[in-house]
Protein chains: 2
Amino acid sequence: MSCVFCEQSSRSSEKVILSNDVCRVILVADKYYPGYIQIISNSHVKELTDLSSDNALIVFNTILHMEKTIRKIFNPDKVNIASLGNVVPHLHWHIIPRYFNDRHFPNPVWGEILNPEYLPDSHLHRCMTTLIGI
Amino acid sequence: MSCVFCEQSSRSSEKVILSNDVCRVILVADKYYPGYIQIISNSHVKELTDLSSDNALIVFNTILHMEKTIRKIFNPDKVNIASLGNVVPHLHWHIIPRYFNDRHFPNPVWGEILNPEYLPDSHLHRCMTTLIGI
C-alpha cells in the first residue's frame, strides 16, 4: 500500500528543517498554527515500539530537542505532542505550539473550533523564519 | 492554583497500575476505550522539557513499556499517544488503544464521533483484568 511518508514524490515536497539517520523534522503548512512540525520516522513502522530501543531513543531525543526549540522561538502557552497515525499508519509525531486564544484552545487541534476568527499574529510568522534557519 | 493531578483528594481516587519515582500510570475510566491509560508526572511541570533529562528519559521508558504492554494485551489496530495538557497543564501522557471500528476512528478521540453505536467487545473488558494485574 502506498504511504505518503514513503513515496518519493511526496517526500520531495517536504520542507525538512532537520534530519538524522532515524527521522526527519518537517514543517506542516497550517496557516493557523505556525511552528507546527512533524517528526517522521524514516522507516515505515506503525508504532514507536516497532523501532529498536536505540532508534526509539533517537526519536525521543529529537522530540525533546524540537520541543525545546519551539518553546524558545515561539514561547507558546502550551506545547501539544502526539503520535496518532490513524490515517497514515507510519510513525510520526505532531508538535504544535498552542496559545490561549488560538483556533481550538483548549481543545486539541483535532477537536471543535472554538475561535473561528483567530489568525496568528504576524510576530509568529516572523518566528517561522528563525525556525526554518535552525 | 489547584491541580487535579496534585491534589491529594483526587490522587487518592486514582487507579494506579504502575509507578516509579518520576511518574505514575493510571487507568482512565472511559467506557468506550478500555485500556486507555495516562502517565502522569509526579512533579507539577507543564512540559516534558521542564523535567531533567534523566527524568524525561524515565517518562519515555514508561511510555515505551506501556505501549508494549497495551499492544500485547489489547492487540489494537493502532496506539494513540499524546501530551496535550491544555486543560490541565501538568505533564501527562494519554495512551489509547484504538480499533478500526471504534467510536472516533480514524479521528483522534478528541475529534468528531463517527461511530456513535460503538461499544467495545466484552473481550476488551476481559483484557482490562490483565492490565490491572500487571
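My aim in this report is to walk through the structure given alongside it, one point at a time.

Reading the values: rules and limits
- Residues numbered from 1 in each chain as written.
- Chains lettered and ligands numbered in written order.
- Predicted model: local features only at pLDDT ≥ 70, side-chain atom pairs only at ≥ 80, totals over all residues.
- Heavy atoms only, no water.
- Helix = DSSP H or I, 4+ residues; strand = E, 2+ residues; numbered from the N terminus.
- Rg over C-alpha atoms; globule rule 2.2 N^0.38 Å.
- Buried < 20%, exposed > 50% of the residue type's maximum accessible area, 1.4 Å probe, protein only.
- Contact = heavy atoms within 4.5 Å.
- Salt bridge = Lys/Arg side-chain N within 4 Å of Asp/Glu carboxyl O.
- Expected span 1.5 Å × (residues − 1).
- Arc of directions from axis to C-beta.
- Pairing = 2+ DSSP bridges.
- Axes fitted to C-alpha atoms, helices over the stretch in contact; angles between N-to-C directions.
- Buried area = accessible area lost by both parts, 1.4 Å probe.
- Nonpolar A, V, L, I, M, F, W, Y, C, P; charged D, E, K, R; others polar.

Our next topic: the overall build of chain A. Counting its secondary structure elements, chain A contains 3 helices and 5 strands. Ordered by position from the N terminus, the helices and strands of chain A form the series α-β-β-β-α-β-β-α. For chain A, whose C-alpha radius of gyration is 15 Å, the value lies close to the compact-globule estimate of 14 Å for 134 residues. Its C-alpha atoms give chain A principal-axis dimensions of roughly 40 × 30 × 30 Å. Counting the 134 residues in chain A, one finds 52% classified as buried. Long-range contacts, defined as pairs at least 24 residues apart, comprise 52% of the intrachain contacts of chain A with a sequence gap of at least 6.

Now for the pattern of salt bridges. Within the structure shown, the criterion is met by 9 salt bridges over all chains. Between B:E47 and A:K78 there is a salt bridge, with the nearest N and O atoms lying 2.6 Å from each other. Residue B:E47 is found in the loop between β3 (37–41) and α2 (53–74), and its partner A:K78 is found in strand β4 (residues 78–83); the two belong to separate chains. Residue B:D102 is joined to B:R98 by a salt bridge in which the shortest nitrogen-to-oxygen separation is 2.6 Å.

Looking now at helix α2 (residues 53–74) of chain A. Residue and element names in this part refer to chain A. An ideal rise of 1.5 Å per residue puts 32 Å on 22 residues; α2 measures up with 31 Å between its terminal C-alpha atoms. Along α2, the positions that sit buried rather than exposed are A56, V59, F60, T62, I63, L64, M66, E67, T69, I70, I73 and F74. Two residues or fewer after α2 comes N75, characterised by a positive phi angle close to 45°.

Our next topic: helix α3 (residues 122–132) of chain A. Residues and elements named next belong to chain A. Every buried residue belonging to α3 is among L124, C127, M128 and L131, and all of these are buried. Buried residues of α3 fall within an arc of 115° about the axis and therefore sit on the same side. Opposite the packed face of α3, turned more than 90 degrees from it, sit the exposed residues R126 and T129. On its buried face, α3 is in contact with β1 (16–19), β2 (23–27), β3 (37–41) and α2.

The next point concerns the sheet that holds strand β5 (residues 92–98) of chain A. Strand pairs in the sheet, formed through backbone hydrogen bonds, run parallel or antiparallel to each other. Strands sit in the order β1(A)-β2(A)-β3(A)-β5(A)-β4(A)-β4(B)-β5(B)-β3(B)-β2(B)-β1(B) across an open sheet of 10 strands; the sheet is antiparallel. In this open sheet, the two edge strands, each paired with only one partner strand, are β1 of chain A together with β1 (16–19) of chain B. The sheet shows a mean angle of 20° between the axes of neighbouring strands, taken without regard to direction. The pairing of strand β4 (residues 78–83) of chain B with strand β5 (residues 92–98) of chain B spans 5 bridges and is antiparallel. Across the sheet, B:N80 pairs through a bridge with B:I96, a residue of β5(B). Those strands touched by α2(B) are β1, β2 (23–27), β3, β4 and β5 of chain B, and its axis lies near 20° from that of β5(B).

Bringing the pairing of β1(A) into the picture now. Residues and elements named next belong to chain A. Sheet topology note: the β1/β2 ladder contains 3 bridges and is antiparallel. If you follow S19 over to β2, its bridge partner there is R24. Connecting β1 to the antiparallel partner β2 that follows it, the hairpin turn spans 3 residues.

A word on the pairing of β2(A). All names here are of chain A. By the criterion of burial, β2 is predominantly enclosed, with 5 of the 5 residues buried. Burial along β2 is two-sided: the residues C23, V25 and L27 and R24 and I26 are all buried. In the sheet, β2 pairs with β3 via 5 bridges, with the strands oriented antiparallel. Its bridge partner lying in β3, L27 is registered against I37.

Residue-level contacts link 34 residues of chain B with 33 residues of chain A. Roughly 3,000 Å² is buried in total at the junction of chain B and chain A, and carbon and sulfur atoms are behind 59% of that figure. The tally of links from chain B across to chain A stands at 4 salt bridges. Put simply, A:D50 and B:R71 hold a salt bridge, and the shortest N to O gap is 2.9 Å. For the side of chain B that touches chain A, the elements supplying multiple residues, two or more each, are α2, β4 and β5 of chain B. For the side of chain B that touches chain A, the element with the highest residue contribution is α2(B), accounting for 8 residues. Looking at side-chain class alone, the side of chain B that touches chain A contains 18 nonpolar, 7 polar and 9 charged residues. Bridge count for β4(A) against β4(B) is 3 bridges, and the pairing is antiparallel. Residue pairing for β4(B): A:I81 is matched across the bridge by B:S83.

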